[in-house]
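Chain and residue survey
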Amino acid sequence: MRRDSEKRFLGLGFDTDLIQKIDSKGLTLSSLKPMNKQALLRAGFTNEEKDLIYSKTKRDAIAADVLDAILLKSGEVCCYCSDGISTRPFHIHHIDEYHVSRNNHEDNLVLVCPNDHSNVHTKNITIEEQKAVKMAWENLWSIAQEYKAKGIAFPFGA
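Anyway, here's the lowdown on the structure attached to this text. All values derive from a computational prediction rather than experimental measurement. (Residues numbered from 1 in each chain as written. Predicted model: local features only at pLDDT ≥ 70, side-chain atom pairs only at ≥ 80, totals over all residues. Heavy atoms only, no water.)

1. Brief notes about the overall build of the protein
Each helix and strand in the protein was counted, giving 9 helices and 2 strands. The helix and strand sequence of the protein, counted from the amino end, reads α-α-α-α-α-α-β-α-β-α-α. Taken over the C-alpha trace, the protein has a radius of gyration of 16 Å; the compact-globule value for 158 residues is 15 Å, and the two agree within 12%. Structurally, the protein occupies a C-alpha span of about 50 × 35 × 25 Å along its principal axes. Counting only residues that meet the buried cut, the protein has 39% of its 158 residues in that class. Across the protein, the fraction of contacts at a sequence separation of at least 24, relative to all contacts at a separation of at least 6, is 58%. (Helix = DSSP H or I, 4+ residues; strand = E, 2+ residues; numbered from the N terminus. Rg over C-alpha atoms; globule rule 2.2 N^0.38 Å. Buried < 20%, exposed > 50% of the residue type's maximum accessible area, 1.4 Å probe, protein only. Contact = heavy atoms within 4.5 Å.)

Here is the structure:
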């Protein structure tokens with residue numbers, strides 16, 4: 001899948017694992033939007049995936065510049081893992097839940113891995129705590145990029 005197509009899915013709140021599954025089926029955002037729930041099931045998605053796809057294709061997308069800022073400032077690394085590893089799947093999480101706030105502003109969005117996304121919801125991590133973790137990771141990532149520019153490996157986790 002092209003990077004711009006992937007970013008359109010990310011902008012709607014799709015996680016990277018589901019984006020890969022959609023791509024493996026040769027589907028695009030424009031081919032998914034008109035599909036009803038039965039068509040999604042026939043396409044081979046689980047009930048949970050069907051519901052996610054259906055609801056996410058109906059929401060307002062995160063603006064491209066906001067999404068770019070989130071990806072750049074996080075290094076595409078989970079702010080809770082904060083280990084510099086950008087190869088794991090991730091989600092763009094709404095700190096103040098989207099279905100409540102419909103807030104797609106950068107200060108309400110954070111990049112998290114699937115495990116930590118689940119933890120945020122099940123452990124009822126407060127909005128203030130989530131924003132603090134986001135800010136701390138973005139500051140650390142910025143410092144790591146300064147190290148990289150000087151050819152020095154940043155000691156994540158030290």
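Here the narrative resumes.
2. Side note on the pattern of salt bridges
Side chains that differ in charge, positive against negative, can pair when their charged atoms come close. Counted according to the given criterion, the structure contains 12 salt bridges. Aspartate 4 is the partner of arginine 2 in a salt bridge, and the nearest nitrogen-oxygen pair spans 2.7 Å. Residue classification places arginine 2 among the exposed residues on the basis of a relative accessible area of 56%. Classification of aspartate 4 by relative accessible area gives partly exposed; the value is 34%. Through salt bridges with shared partners, a single ionic network connects Arg2, Asp4 and Arg8. (Salt bridge = Lys/Arg side-chain N within 4 Å of Asp/Glu carboxyl O.)

3. Brief notes about the side chain of glutamate 6
Among the structural elements, glutamate 6 can be located in helix H1 (residues 3-11). Judged by relative accessible area, which is 18%, glutamate 6 ranks as buried. Beyond its immediate sequence surroundings of up to four residues, glutamate 6 is in contact with Met1, Thr16 and Ile19.

4. Notes on helix H5 (residues 47-56)
Two residues of an α-helix separated by three or four positions point the same way, owing to the 3.6 residues in each turn. Within the span of H5, buried status applies to Glu49, Lys50, Ile53 and Lys56. When H5 is viewed along its axis, its buried side chains cluster within an angular range of 150° and face the same direction. (Arc of directions from axis to C-beta.)

5. Observations concerning a nonpolar patch on the surface
On the surface, a cluster of nonpolar side chains totalling about 250 Å² of accessible area is made up of Ile143, Tyr147 and Ile152. One can find tyrosine 147 in helix H9 (residues 127-149). (Patch = residues over 30% accessible without salt bridge, like charges linked within 9 Å, V, L, I, M, F, W, Y side chains within 5 Å. Areas by Shrake-Rupley, 256 points an atom, 1.4 Å probe, with all protein chains shown as cover.)

6. Details of the environment of aspartate 96
By the secondary structure assignment, aspartate 96 is in the loop between strand S1 (91-94) and helix H7 (98-101). When its relative accessible area of 28% is taken as the criterion, aspartate 96 is described as partly exposed. Through-space distance from the C-alpha of aspartate 96 to that of threonine 126 is 9.3 Å; in sequence the pair is 30 residues apart. Among residues more than four places away in sequence, those in contact with aspartate 96 are Ser101, Asn108 and Ile127.

7. Description of the nonpolar core
Formed by 24 residues in total, the largest nonpolar core has its most connected members in Phe14, Ile22, Leu32, Phe45, Ile53 and Ile92. Elements supplying a minimum of two residues to this core: H1, helix H2 (16-24), helix H3 (29-32), helix H4 (37-42), helix H6 (64-74) and strand S2 (109-112). Sort the elements by how many residues they give to this core and H6 lands first, with 4 residues. Once residues lying within four places of it in the same chain are set aside, the contact partners of isoleucine 22 are Phe9, Phe14, Leu27, Leu32, Phe45 and Ile53. Membership of the second largest hydrophobic core comes to 9 residues, among which are Val77, Cys79, Ile95 and Trp137. (Core = buried A, V, L, I, M, F, W, Y, C linked by side-chain atoms within 4.5 Å.)

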